[in-house]
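Observations on the model geometry
As a plain string of letters, each chain reads:
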Amino acid sequence: MCKGIGYNFTYMPNQFNHDTQEEVGLEVHQFWPLVRIRCSPDLLFFLCSMYTPICLPDYKKPLPPCRSVCERAKRGCSPLMSQYGFEWPERMGCEQLPQLGDETLCMDQNNSESTTPPSPPLPKTTTKVRIKPENPLQCDRECRCRDPLVPVTRESHALYSPVYTGPLLNCAQPCHQPYFSVDERVFTTFWLGLWSVLCFVSTLTTVATFLIDMDRFKYPERPIIFQATCYLFVSLGYIIRLLAGHERVACGSSGTIGGDHLHILYDTTGPTLCTLIFLLVYFFGMASSIWWVVLSFTWFLAAGMKWGSEAIASYSQYFHLAAWLIPSAKTIAVLALSSVDGDPVAGICYVGNQSLENLRGFVLAPLVVYLFTGSLFLLAGFVSLFRIRSIIKQGGTKTDKLERLMIRIGLFTVLYTVPATIVVACLVYEQHYRPDWERALACSCLSERQQLGRGPDYAVFMLKYFMCHVVGITSGVWIWSGKTLESWRRLFTHCRPQKAAAPSSMYSEASTALTGNTSTLMAQGIYHKHPPPPNI
């Protein structure tokens, strides 16, 4: 952007503590639309002198622009910025800059007004040509690889093609979602950090409670523990992204002539950090959905088919085989097809962020199948529990424990199905409108996109990321009891629990409720002391 501004060497770090021109480019990019429409002929010189200050051999300090340069740039561009709801940045306040003639040296774009050190003189700037600012309402709708899209020239790049295939040939999406402002990007980082840390703490507590008292969690409720374990690793992936940064994880170099520009990663396994986060988020995210299906299926076996805990546990190896093998096959397929890509909003590596086919095949379709299958098993189990409850009541036995069990099952059902349904709805919204968002970047100008409100809804993305963590956060609902406190108390006091007073599991409470009137249940064919063989 600053090429040909009048000097070739810059002083780093600048006054904003940017160490490299890559860092400068990421921040100054937000002013590029104003430079393009030339709201002020002094704006480009002012931005370059602020973000990439001139470096002189014998003058060992940065040389700031004069206050007059700032005032002229602000006078020309501030009204247009205010029209679209933006204010002149405080960090670039004109009152902070030296005036022409002060003891502090400064430079101005006009040769006649520029002040230079005695030796050596400042390089001569190009003659300033005042161009009439363009009317922002006169929008150029020609489809081409325009800013903020990033041109690609490196032949080894996944998007590079020497054959003309359209106006968007060799064009990549920017590193950050261009429709969202800097403030929204900062809030996104805070939002992801808040929920990923809460999810990590909640799931870690759940898994630790299981490890210190494994006999307490039996089938059919044990899949909840494995589901919490999956969300533990998913939240860990987001935390690693927060520590590493958006650009290091989800962005790559375009290889453009005149300097590399960062863009979002396309169709690649990416660097090691990118692949690691993809494995944590995608593999364990899909595994958690399958453990939800297993949980619903085991509840169906216990409530609908009258299986005991031992009978269900005898098939646990098949549950683990399905829960870990299916996500492994999908993960290997994504890596083999080089379909890992960057998320321009969250800054993680996932699949389907740039390819709608991958989004539908590897993410959306599996989530819909898992949600539908698990809901069917859960509904069948609920119907059986209601039938058992009515029979027990007819026999005159109290159903308090069974009702508490049904309430807790219903609560966990809501805590999973509602977030999972919302995530699916957000993905449907994204895959439906994404082509329009991408086309608007190439075929319309900034002013038109702002006036027409083209672009994704920021709240939808924030809702999706929240719902991706909320199930892990609420997984602790199964350990919120006095039994958990007792387990941790025994651990800290190094006391062994008495065998006769071993804590009962959720399933044992259900069994107590179901066997309160055993003769009545057996007469109705509802309860079997010994579960029937699996082939019946």
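What counts and what doesn't
- Residues numbered from 1 in each chain as written.
- Predicted model: local features only at pLDDT ≥ 70, side-chain atom pairs only at ≥ 80, totals over all residues.
- Heavy atoms only, no water.
- Helix = DSSP H or I, 4+ residues; strand = E, 2+ residues; numbered from the N terminus.
- Buried < 20%, exposed > 50% of the residue type's maximum accessible area, 1.4 Å probe, protein only.
- Contact = heavy atoms within 4.5 Å.
- Areas by Shrake-Rupley, 256 points an atom, 1.4 Å probe, with all protein chains shown as cover.
- pLDDT = per-residue confidence, 0-100.
- Disulfide = S-S within 2.5 Å.
- Patch = residues over 30% accessible without salt bridge, like charges linked within 9 Å, V, L, I, M, F, W, Y side chains within 5 Å.
- Salt bridge = Lys/Arg side-chain N within 4 Å of Asp/Glu carboxyl O.
- Core = buried A, V, L, I, M, F, W, Y, C linked by side-chain atoms within 4.5 Å.
- Axes fitted to C-alpha atoms, helices over the stretch in contact; angles between N-to-C directions.
- Parallel < 35°, antiparallel > 145°, perpendicular 65-115°, else oblique.
- Left-handed = near helix turned anticlockwise from the far one by under 90°.
- Nonpolar A, V, L, I, M, F, W, Y, C, P; charged D, E, K, R; others polar.

**Thoughts on the overall build of the protein chain**
Secondary structure summary: the protein chain contains 17 helices and 8 strands in total. Across the 536 residues that make up the protein chain, the buried fraction comes to 48%. Within the protein chain, counting contacts between residues at least 6 apart in sequence, those at least 24 apart form 76% of the total. Total accessible area on the protein chain stands at roughly 26400 Å², and carbon and sulfur atoms take up 61% of it.

**Here's the deal with the confidence of the model for the protein chain**
Here the protein chain averages 77 in pLDDT, and 74% of its residues register 70 or above. Highest mean pLDDT in the protein chain belongs to helix H10 (residues 316-336) (94); lowest belongs to helix H17 (residues 518-524) (44). Throughout residues 161-167 the model reports pLDDT below 50, and contacts reaching past four residues in sequence, or to other chains, amount to 7 contacts. Considering only residues more than four positions removed or in separate chains, one finds that residues 499-530, a stretch of pLDDT under 50, has 49 contacts.

**Some remarks on the state of the cysteines**
According to the stated counting rule, one finds 6 disulfides in the structure shown. For Cys-2, the disulfide goes to Cys-48, at an S-S distance of 2.0 Å. As the torsion about the S-S bond is roughly -100°, the Cys-2-Cys-48 disulfide counts as left-handed. Linking Cys-2 in the segment before helix H1 (21-28) with Cys-48 in helix H3 (residues 43-51), this pair joins segments that are 46 residues apart in sequence.

**Things to note about a nonpolar patch on the surface**
A cluster of nonpolar side chains, contributed by Leu-211, Ile-212, Met-214, Leu-491 and Phe-492, occupies part of the molecular surface with about 480 Å² of accessible area. Looking at the secondary structure, you find Met-214 in the loop between helix H5 (182-212) and helix H6 (223-244). Given the relative accessible area of 40%, Met-214 is considered partly exposed.

**Things to note about the nonpolar core**
Core analysis: the largest hydrophobic core is formed by 81 residues, its most contacted members being Tyr-282, Tyr-350, Val-351, Val-363 and Tyr-465. The dominant element in this core, judged by the number of residues it contributes, is helix H8 (residues 272-303), at 19 residues. Those residues in contact with Tyr-350, other than ones at most four positions away along the chain, are Phe-278, Val-281, Tyr-282, Met-286, Ser-339, Val-340, Asp-341 and Val-363.

**Considerations on the packing of H3 against helix H4 (residues 67-83)**
As a packed pair, H3 and H4 sit with axes 9 Å apart at the nearest point and diverge in direction by 130°. One way to sum up the angle between H3 and H4 is to call them oblique. For the crossing formed where H3 meets H4, the hand is left-handed. Between H3 and H4, the residues in contact are Leu-43, Phe-45 and Phe-46 and Val-69, Cys-70, Ala-73 and Cys-77, respectively. Here the contact of H3 with H4 is composed, by residue class, of 7 nonpolar, no polar and no charged.

**A look at unusual backbone geometry**
Following Met-12, the chain continues into Pro-13 via a peptide bond in cis, with omega recorded as 0°. Looking at the secondary structure, you find Pro-13 in the segment before H1. Even without being a glycine, Arg-38 presents a positive backbone phi close to 55°. Within the element layout of this structure, Arg-38 appears in the loop between helix H2 (32-37) and H3. Within the chain, Ser-338 stands out as a residue other than glycine whose phi angle is a positive 50°. Among the secondary structure elements, Ser-338 is positioned in the loop between H10 and strand S7 (340-342).

**Topic: the packing of H8 against H10**
Two elements in contact, H8 and H10, have axes whose closest approach is 9 Å; the angle formed by their N-to-C orientations is 145°. By crossing handedness, the relation of H8 to H10 is classed as right-handed. Per-class residue counts for the contact of H8 with H10 are 19 nonpolar, 5 polar and 1 charged.

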